[in-house]
Amino acid sequence: MAKSPSVFTCSACGAVHKKWAGRCDACGAWNTIVEEAPLSTGPKSLGLKGRLLPLTDLATQEAEPPRAGSGMEELDRVLGGGLVPASAILVGGDPGIGKSTLLLQAAASFARRGVKCLYISGEEAAAQVRMRAQRLGLTDAPVALGAETNLRDILTTLDAERPGLAIIDSIQTMWLDTVDSAPGSVSQVRAAAHELVTFAKRRGVAVILVGHVTKDGQIAGPRVVEHMVDTVLYFEGERGHQFRILRAVKNRFGPADEIGVFEMTGAGLQQVANPSALFLSDRDTPAPGSAVFAGIEGTRPVLTEIQALVAPSNLGTPRRTVVGLDSGRLSTILAVLEARCGIPFAGLDVFLNVAGGMRVSEPAADLAVAAALVSAREDVAIPPDMVLFGEISLSGALRPVTQTENRLKEASKLGFSQAVAPSRSKLGQGEGMRVRQMPDLAAFVGEMFGAG
Ligand code: TYD
Ligand code: MG
């Protein structure tokens, strides 16, 4: 029998190609296409020999699935209010960011609350996991440990044990003996995830899969797994900062974009119940180039400090360095400042930074970014008790943003007394804040800095 030709799969997005290429057409990543054994094609035609499926209508009432809480509030909120039985969750993140630590602590919390937990490590020996548990003071929690990478053995064990929650750390180390490629390859990761997700649904076991993200996409990223699971959480943080953010990027059972904030300490991850206080904690005397943004992360208001530095450049093309924000957004705001407010940044290096290692993706941060930039350029400090929010349109107009009241409430709680918001914002009670409403960026810059 002729050997069927191998296929070429992109290790970043999982697209299948007929031949090797340097660049994946599907996702645009370079050097991510690898050769793999062909997938079996299966029988030619299925025919009508299946069983009849029970069908229901849209009006059928289904009880809300009972959720198990871990007692770790930051985790439960990101999960949408607790762990849904028979759900599959992917926790992705850079190596060394603290995924194993987080999940060991989560397993212990769930176990203490009576959820039967199984923690399968494919990366560390049981003794190593036990050592970590000892260091974290979790040895009293009834978590069952296993160190294994063979999925057949793992599934057999899960079927016999029937835990409420199984943690697989990590999906890249698991292998199926029916798939003819190395652990960590796209076919193995996809097949292993498929087996585990199917098992979760059939047997009512919640599974959490850990997946490493690699910057260059050489190892199969968990991106191919994202489509299969119910919930995708990313554990992120800047290197050198102790803060870690668990972010829901997809959740079939709760709001996406919800975040949980943790701090990595010598004794594991500590929850941070009030992230605003933490992200603003080391603000000293008012300095030019600093503006406080009243943002919303998921359902929760979070205040962050935006810092800008503007200095004369000796380069032909001045530097634009951004940490924690989108660099395209910075270019847009610089262009609007130049075109609509007459404040040029040509010949100036611009550095922009969100303090504390936080990432801000809301367009509502535009006004705070512009304020920090102009404040740095004009060397005029923004009052330390002021928060700002508002989206800047290309015309220079300020657009109202959502949840104005929540933003003001959080700012007031943290001792801020004045705010700048777009005109037509729904202020509600105002929360005792002095709110200045601005129609456009030029008016704001003129009033605040006397510039433009
Ligand atoms: P780990 O959970 O092993 O990361 P991952 O599973 O995502 O690869 O975490 C490793 C890092 O966390 C390591 O650099 C040390 C740090 N760490 C602490 O700072 N304190 C602790 O109590 C623990 C357990 C780890
Ligand atoms: Mg790990």
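Rules and cut-offs
- Each chain has its residues counted from 1, running along the sequence as written.
- Following the order in which they are written, the chains are lettered starting with A and the ligands numbered starting with 1.
- With pLDDT at 70 or above as the cut-off, local features in this predicted model cover only qualifying residues; side-chain atom pairs require 80 or more to be listed or tallied, and sums for whole chains, interfaces and linings still use all residues.
- Side-chain measures were taken over the full set of non-hydrogen atoms in the model, leaving aside hydrogen atoms and water.
- UniProt positions are given in the numbering used here, feature names are shortened, and annotations may be inferred rather than shown by experiment.
- Partly exposed residues are those whose accessible area sits between 20% and 50% of the maximum for their type, while under 20% is buried and over 50% is exposed, using a 1.4 Å probe and protein chains only.
- In this description a helix means any DSSP run of H or I spanning at least four residues, a strand means any run of E spanning at least two, and both kinds are numbered starting from the N terminus.
- For two strands to be treated as a pair, DSSP must find no fewer than two bridges joining them.
- The handedness rule is simple: strands pointing away from the viewer, and a clockwise path from the first strand over the helix to the second, make the crossover right-handed.
- Convention adopted: a line fitted to C-alpha atoms gives each axis, helices being fitted over their contacting stretch, and angles between N-to-C directions are expressed from 0 to 180 degrees.
- Residues count as neighbours in contact if any of their non-hydrogen atoms are within 4.5 Å of one another.
- In protein, a polar contact means a hydrogen-donor-capable atom and an acceptor-capable atom, both N or O and within 3.5 Å, with residues adjacent in sequence counting only if both atoms are side-chain atoms; elsewhere, any N or O pair within 3.5 Å suffices.
- Marked domain ranges trace back to an automatic or database domain assignment.
- A quick way to say it: buried area is the sum, across both parts, of accessible area lost when two parts are put together, with a 1.4 Å probe.
- Any Lys or Arg side-chain nitrogen located within 4 Å of an Asp or Glu carboxyl oxygen qualifies as a salt bridge.
- Three classes are used, and their members are as follows: Ala, Val, Leu, Ile, Met, Phe, Trp, Tyr, Cys and Pro are nonpolar, Asp, Glu, Lys and Arg are charged, and the others, Gly among them, are polar.
- Near is defined per residue: the residue qualifies when any heavy atom it owns lies within 4 Å of the molecule or strand.
- Working definition of accessibility: Shrake-Rupley area with a 1.4 Å probe, residue cover restricted to the visible protein chains.
- Each nonpolar core is a collection of buried residues, namely Ala, Val, Leu, Ile, Met, Phe, Trp, Tyr and Cys, held together in the definition by side-chain atoms within 4.5 Å.

Within an unreviewed UniProt entry, the label attached to the protein reads DNA repair protein RadA, and the organism entered is Cereibacter changlensis. Note on the protein: under the UniProt heading Sequence similarities (unreviewed entry), the record states "Belongs to the RecA family. RadA subfamily."

### Quick notes on the pairing of strand β7 (residues 165-169)
Taken across its five residues, β7 has five buried, putting it largely inside the fold. Side-chain alternation along β7 places Leu165, Ile167 and Asp169 on one buried face and Ala166 and Ile168 on a second face that is also buried. The pairing of strand β5 (residues 117-121) with β7 spans five bridges and is parallel. Residue pairing for β7: Ile120 is matched across the bridge by Ile168. Two elements, β7 and strand β8 (residues 206-212), share four bridges in a ladder whose sense is parallel. Bridging across to β8, Ile168 finds its partner in Leu209. Considered for its hand, the β-α-β crossover made up of β7, helix α5 (residues 186-203) and β8 is right-handed.

### What about the sheet that holds strand β21 (residues 434-438)?
If you trace the seven strands from one edge of the open sheet to the other, you get β15-β16-β14-β13-β17-β20-β21, paired in mixed fashion. Two strands bound the open sheet, and with one partner strand each, they are β15 (320-323) and β21. This sheet shows a mean twist of 25° between the axes of neighbouring strands, independent of strand direction. As paired strands, strand β13 (residues 290-297) and strand β14 (residues 300-312) are joined by eight bridges and run antiparallel to one another. In the sheet register, Ile296 faces β14, and the bridge partner there is Pro301. Set on the sheet, helix α9 (residues 366-378) makes contact with β13, β14, β16 (348-354), β17 (386-388) and β20 (418-422); between it and β14 the angle comes to about 30°. Strand contacts of helix α11 (residues 441-449): β17, β20 and β21, with the helix running at about 130° to β21, the strand carrying the most contacts.

### Here's the deal with the pairing of strand β1 (residues 7-10)
The side chains of a regular strand alternate, residue by residue, between the two faces of the sheet. Taken together, the four bridges between β1 and strand β3 (residues 33-36) define a ladder with antiparallel strand orientation. Along β3, the bridge assignment pairs Val7 with Glu36. Hairpin connection, β1 to strand β2 (residues 16-17): the antiparallel pair is bridged by five residues, and Gly14 has positive phi, about 85°.

### Focus: the environment of Arg23
Note that Arg23 resides in the loop between β2 and β3. Separated by 292 residues in the primary sequence, Arg23 and Leu315 have C-alpha atoms spaced 33 Å apart. Ignoring sequence-local partners within four residues, the contact set of Arg23 consists of Gly28, Ala29, Trp30 and Ile33.

### So, the environment of Ala397
Looking at the secondary structure, you find Ala397 in the loop between β18 (391-392) and β19 (398-399). Residue classification places Ala397 among the partly exposed positions, given a relative accessible area of 27%. As a C-alpha pair, Ala397 and Gly328 span 69 residues in sequence and 19 Å in three-dimensional space. Contacts of Ala397, omitting those with residues within four sequence positions, involve Glu391, Ile392, Pro439 and Asp440.

### Some words on the UniProt feature "binding site: ATP" (unreviewed entry) in the protein
Under the feature "binding site: ATP" (unreviewed entry), the UniProt entry names Gly93, Asp94, Pro95, Gly96, Ile97, Gly98, Lys99 and Ser100. Note that Gly98 resides in the loop between β4 (88-93) and α2 (99-112). Take Lys99: it is sitting in helix α2. If we ignore the near neighbours within four places in the chain, the residues touching Lys99 are Val91, Gly92, Gly93, Asp94, Val210, Gly211, His212 and Phe235. Within polar-contact distance, the side chain of Lys99 engages the backbone oxygen of Gly93 at 3.2 Å.

### Details of the domain arrangement of the protein
Each domain of the protein was delimited in the assignment, giving domain 1 (1-37), domain 2 (73-273) and domain 3 (277-449). Computed over C-alpha atoms, the centres of domain 2 and domain 3 are 36 Å apart. The interface of domain 2 with domain 3 comprises 16 residues on the first partner and twelve residues on the second. Counting each side, the surface lost to burial between domain 2 and domain 3 is near 1200 Å², with a carbon and sulfur contribution of 57%. Joining domain 2 to domain 3, the criterion identifies two salt bridges. One salt bridge connects Arg247 with Glu297, and the closest N-O pair in it is separated by 3.1 Å. At the junction of domain 2 and domain 3, the tally comes to five residue pairs in polar contact (both at pLDDT 80 or more). Broken down by element, the residue count for the side of domain 2 that touches domain 3 peaks at four residues, all from strand β11 (residues 259-265). Its residues placed into classes, the side of domain 2 that touches domain 3 shows six nonpolar, two polar and eight charged.

### Thoughts on the site of ligand 1
The full set close to ligand 1 counts 16 residues, and Gly96, Lys99, Ser100, Thr101 and Gly268 are the nearest of them. Contacts to ligand 1 include Ile97, whose backbone N or O atom sits 3.4 Å from an oxygen atom. Taking Arg132, its side chain carries an N or O atom lying 3.0 Å from an oxygen atom of ligand 1. Within the complex, the protein chains bury 73% of what would otherwise be the 560 Å² of accessible surface of ligand 1.

### Observations regarding the sheet that holds β2
The pairing of strands in a sheet comes from backbone hydrogen bonds and takes either a parallel or an antiparallel form. An order of β2-β1-β3 is seen for the three strands of this open sheet, with the pairing classed as antiparallel. Whereas interior strands pair on both sides, the edge strands pair on one side only; in this sheet they are β2 and β3.

### Comments concerning the side chain of Thr231
By secondary structure assignment, the location of Thr231 is in strand β9 (residues 231-236). A distance of 3.0 Å separates a polar atom in the side chain of Thr231 from a polar atom in the side chain of Asn251. Among residues more than four places away in sequence, those in contact with Thr231 are Ala88, Ile89, Leu90, Lys250, Asn251, Arg252 and Phe253.

### Quick look at the nonpolar core
Core analysis: the biggest nonpolar cluster contains 64 residues, and Leu337, Leu373, Leu441 and Phe444 have the highest contact counts within it. The biggest single contributor to this core is α9, with nine residues. Structurally, this core is a two-domain feature, drawing no fewer than three residues from each of domain 2 (73-273) and domain 3 (277-449). When residues no more than four places from it in sequence are discounted, the contact partners of Leu373 are Ala308, Val310, Leu330, Ile333, Leu334, Leu337, Phe345, Val350 and Leu352. By size, the runner-up hydrophobic cluster in this structure holds 35 residues, among which are Ala106, Val115, Leu136 and Ile208.

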